Amino acid sequence: MTSSPLLYALLILLHVLAAAFWVGGMATLHLTVRPVAAALLPPPQRLPLMAGVLRRFLIGVDAALTLLWVSGFAMLGRMGGFAGAHWRVHAMVGLAALMTAIYLTIRAGAFPKLRRAVAAHDWPEAGAALARIRVRVSFNLVLGVLVFVVVLLGRAA
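Residues numbered from 1 in each chain as written. Predicted model: local features only at pLDDT ≥ 70, side-chain atom pairs only at ≥ 80, totals over all residues. Heavy atoms only, no water.

> Looking at this structure, I do not really get the overall build of the chain. What am I missing?
Helix and strand counts for the chain stand at four helices and zero strands. Counting only C-alpha atoms, the chain reaches 55 × 25 × 25 Å along its principal axes. In the chain, buried positions account for 34% of the 157 residues. As presented, the chain carries roughly 8,500 Å² of accessible surface, and 73% of it is formed by carbon and sulfur atoms. (Helix = DSSP H or I, 4+ residues; strand = E, 2+ residues; numbered from the N terminus. Buried < 20%, exposed > 50% of the residue type's maximum accessible area, 1.4 Å probe, protein only. Areas by Shrake-Rupley, 256 points an atom, 1.4 Å probe, with all protein chains shown as cover.)

This is how it looks when you write it as structure tokens:
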């Protein structure tokens, strides 16, 4: 399978840490930060806060995604490619590709719109952009949890 068990373990560790950062970060922002900010702050305070928090988080996700894809394909290569991979690896890669595509629509589309609207103090447009991000993050959060389920429970199949 691999020539170096330590290297393979390191790849898995980096992969899991990057996935935990991305999925855990989405859960934290979506389930705790955003609802509290919405409950306590009016749009002129809430929307710049969320844009700032998201800017920092998305920088981390950029790094996590790079690490996920690099470590994932390094592990896949050490397994001999897709031909020798368990079905759960195929499922994980498919879900990861979908999650990455959704992330890119946030990073390249909805998030820049949020930042522009916040800079212009256009609170209705900023709120609409944040709502678009929220929907996409909700979907990606479900997919991210599904990846963990498939990978961990798939070990038994």
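Back to the write-up after that little detour.
> I tried to follow the nonpolar core on my own but got confused; where do I start?
Side chains of nonpolar character tend, in soluble globular proteins, to be buried together. In terms of nonpolar packing, the biggest core is built from 37 residues, with W22, M26, L54, F57, F111, L114 and I133 touching the most fellow members. Residue assignment for this core shows that the elements contributing at least two residues are helix 1 (5–40), helix 2 (43–79), helix 3 (87–119) and helix 4 (123–153). Each residue touching I133, except ones within four places of it in the same chain, is listed here: L54, I106, A110, F111 and L114. (Core = buried A, V, L, I, M, F, W, Y, C linked by side-chain atoms within 4.5 Å. Contact = heavy atoms within 4.5 Å.)

> Can you walk me through the packing of helix 1 against helix 2 in this structure?
Describing two packed helices takes the angle between their axes plus the distance from one axis to the other. For the pair helix 1 and helix 2, the least separation of the axes is 8 Å and the interaxial angle reads 160 degrees. Taken together, the axis directions place helix 1 and helix 2 in an arrangement best described as roughly antiparallel. Note that helix 1 runs across helix 2; the crossing there is left-handed. Classifying every residue of the contact of helix 1 with helix 2 gives 27 nonpolar, five polar and three charged. (Axes fitted to C-alpha atoms, helices over the stretch in contact; angles between N-to-C directions. Parallel < 35°, antiparallel > 145°, perpendicular 65-115°, else oblique. Left-handed = near helix turned anticlockwise from the far one by under 90°. Nonpolar A, V, L, I, M, F, W, Y, C, P; charged D, E, K, R; others polar.)

> Just checking my understanding: could you explain the side chain of R88 for this structure?
Within the fold, R88 resides in helix 3. Despite its burial, R88 pairs with no opposite charge; the closest candidate is D62, at 26 Å N-O. Excluding anything up to four places from it in sequence, R88 contacts V150, V151, G154 and R155. (Lys, Arg positive; Asp, Glu negative; His and termini not counted. Salt bridge = Lys/Arg side-chain N within 4 Å of Asp/Glu carboxyl O.)

> Looking at this model, I keep getting lost on the pattern of salt bridges. Mind explaining?
If the charged atoms of two oppositely charged side chains come close together, the side chains can form a pair. For the structure on display, the rule yields two salt bridges. R107 serves as the salt-bridge partner of D62, at 2.7 Å between the closest nitrogen and oxygen. On the criterion of sequence distance, the pair formed by D62 in helix 2 and R107 in helix 3 is long-range, its members being 45 residues apart. Classification of D62 by relative accessible area gives partly exposed; the value is 29%. On the basis of relative accessible area, R107 is assigned to the partly exposed category, the value being 25%.

What is shown is where atoms sit, not what they do.
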